[in-house]
Amino acid sequence: VYETKRRRIRNFPQHKNRASECGHPCERYLVYCRTHWEDRLLHGPELEFIFEGGRLIEDMALRELQEAGKDFGFEIYEQQRAFTIKEIDLTGHIDAKIRINEVSYPLEIKGINHYDFVNLNTIEDFHNSNKVWIRKYPAQLMMYLMGAELECGVFYIKDKLNFQPKTIWVDLEYDYAEQIY
């Protein structure tokens, strides 16, 4: 099973900045992602299992939200829709959009380990995390908000231990977004 996973791991060309990476603290890393993508070391099968689990959690979350939307009058749509901000050569994929009372919001879904899930309750908690990947999440959502010229978006996070969900609504932080824009 591990060897099969290892064989499927690929390195893909990257000629644009990615929204999912724009909050990374190392500018050199970000430059190398674009200029030397072919030299990037491939992750191992252990990390690929985590990524696959994240995709399963995202599918689970979308099903939950779609079902709840039927009962409570909101809609989940435009799943994995590509977006681009040409001015900064940035691309990404929004997990989905949620429409509530005719207003649409970008929706970013994340599977989070139990300890972090309990401690993530505000956008400041993301910013203050000691984990780089968690600190990158707000930057990703901010880029979606900037690109769509929207004021608000939402994280739908799921605890990887018990699969309980939590929503964290996020307002566009202009100063923060302009630092990474």
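Because the structure is predicted, anything quoted here is derived from the model rather than measured. Sequence order as written defines residue numbering, which begins from 1 separately in each chain. Given that the model is predicted, a residue must reach a pLDDT of at least 70 before its local features are reported, and side-chain atom pairs must reach 80 or more before they are shown or counted; all residues, however, enter totals for whole chains, interfaces and linings. By convention in this description, side-chain values take in all heavy atoms of the structure and omit both hydrogens and water.

Asks: How should the environment of Asp39 be read in this particular structure?
Replies: Within the secondary structure layout, Asp39 lies in the loop between helix 2 (27–35) and helix 3 (45–72). With a relative accessible area of 51%, Asp39 lands in the exposed category. Placed 23 residues apart in sequence, Asp39 and Leu62 show a C-alpha to C-alpha distance of 35 Å. Working definition: helices are DSSP H or I runs of at least four residues, strands are E runs of at least two. Numbering for both runs from the N terminus. The cut-offs for exposure are 20% and 50% of the maximum accessible area for each residue type, with area from a 1.4 Å probe on protein chains only; residues under the lower value are buried, those over the upper are exposed, and the others partly exposed.

Asks: So what exactly am I meant to see when it comes to the confidence of the model for the protein here?
Replies: Detailed reading of predicted coordinates is not advised where the pLDDT is low. The pLDDT averaged across the protein works out to 94; a share of 99% of its residues lies at or above 70. Mean pLDDT per element in the protein: helix 7 (residues 174–180) is the minimum at 87, and strand 7 (residues 152–159) is the maximum at 98. pLDDT expresses how confident the predictor is about each individual residue, on a scale running from 0 to 100.

Asks: Sorry if this is basic, but what is going on with the pairing of strand 4 (residues 90–94) here?
Replies: By the alternation rule, side chains of strand 4 split into Leu90, Gly92 and Ile94, which are all buried, and Thr91 and His93, of which none is buried. Note that strand 1 (residues 17–18) and strand 4 share 2 bridges and pair parallel. Paired with Asn17 across the two strands is Leu90, which belongs to strand 4. Here a strand pair is declared whenever DSSP counts at least two bridges between the two strands. Examined bridge by bridge, strand 3 (residues 81–85) and strand 4 share 5 bridges and lie antiparallel to one another. Along strand 4, the bridge assignment pairs Ile85 with Leu90. Counted along the chain from strand 3 to the antiparallel partner strand 4, the turn is 4 residues long, and its residue Asp89 has a positive phi close to 55°.

Asks: Help me out: how do you make sense of the side chain of Gln14 in this one?
Replies: For Gln14, the position within the fold is in the loop between helix 1 (2–8) and strand 1. What qualifies as a polar contact is a pair of N or O atoms within 3.5 Å, subject to a donor-acceptor requirement within protein and to the restriction that residues adjacent in sequence count only when both atoms come from side chains. Reaching out from Gln14, the side chain makes a polar contact with the backbone oxygen of Lys16 at a distance of 3.2 Å. Two residues form a contact once any of their heavy atoms are found within 4.5 Å. Excluding residues within four positions of it along the chain, Gln14 makes contact with Cys33, Arg34, Trp37 and Arg40.

Asks: Sorry if this is basic, but what is going on with the nonpolar core here?
Replies: In globular proteins that are soluble, nonpolar side chains generally tend to be buried together. As used in this record, nonpolar core signifies buried Ala, Val, Leu, Ile, Met, Phe, Trp, Tyr and Cys residues forming a set joined through side-chain atoms within 4.5 Å. One finds Phe126, Met142, Met143, Phe155 and Ile157 to be the most contacted residues of the largest nonpolar core, which totals 27 residues. For this core, the leading source of residues is helix 6 (residues 132–148), giving 9 residues. Beyond its immediate chain neighbours, meaning those up to four positions away, Met142 contacts Val170, Asp171, Leu172, Glu173, Tyr176 and Ala177.

Asks: I'm lost on a nonpolar patch on the surface in this one. Help?
Replies: A surface patch of nonpolar side chains, about 250 Å² in accessible area, is lined by Leu47, Ile50 and Phe51. You can see Phe51 is positioned in helix 3. A residue is classified by how much of its surface remains accessible, and Phe51, at 37% relative accessible area, is partly exposed. The patches reported here contain residues having more than 30% relative accessible area and no salt bridge. Joining distances are 9 Å for like charges and 5 Å for nonpolar side chains (Val, Leu, Ile, Met, Phe, Trp, Tyr). Every accessible area reported is derived by Shrake-Rupley at a probe size of 1.4 Å, with residue values counting cover from the shown protein chains alone. Each reported salt bridge corresponds to a side-chain nitrogen of Lys or Arg within 4 Å of a carboxyl oxygen of Asp or Glu.

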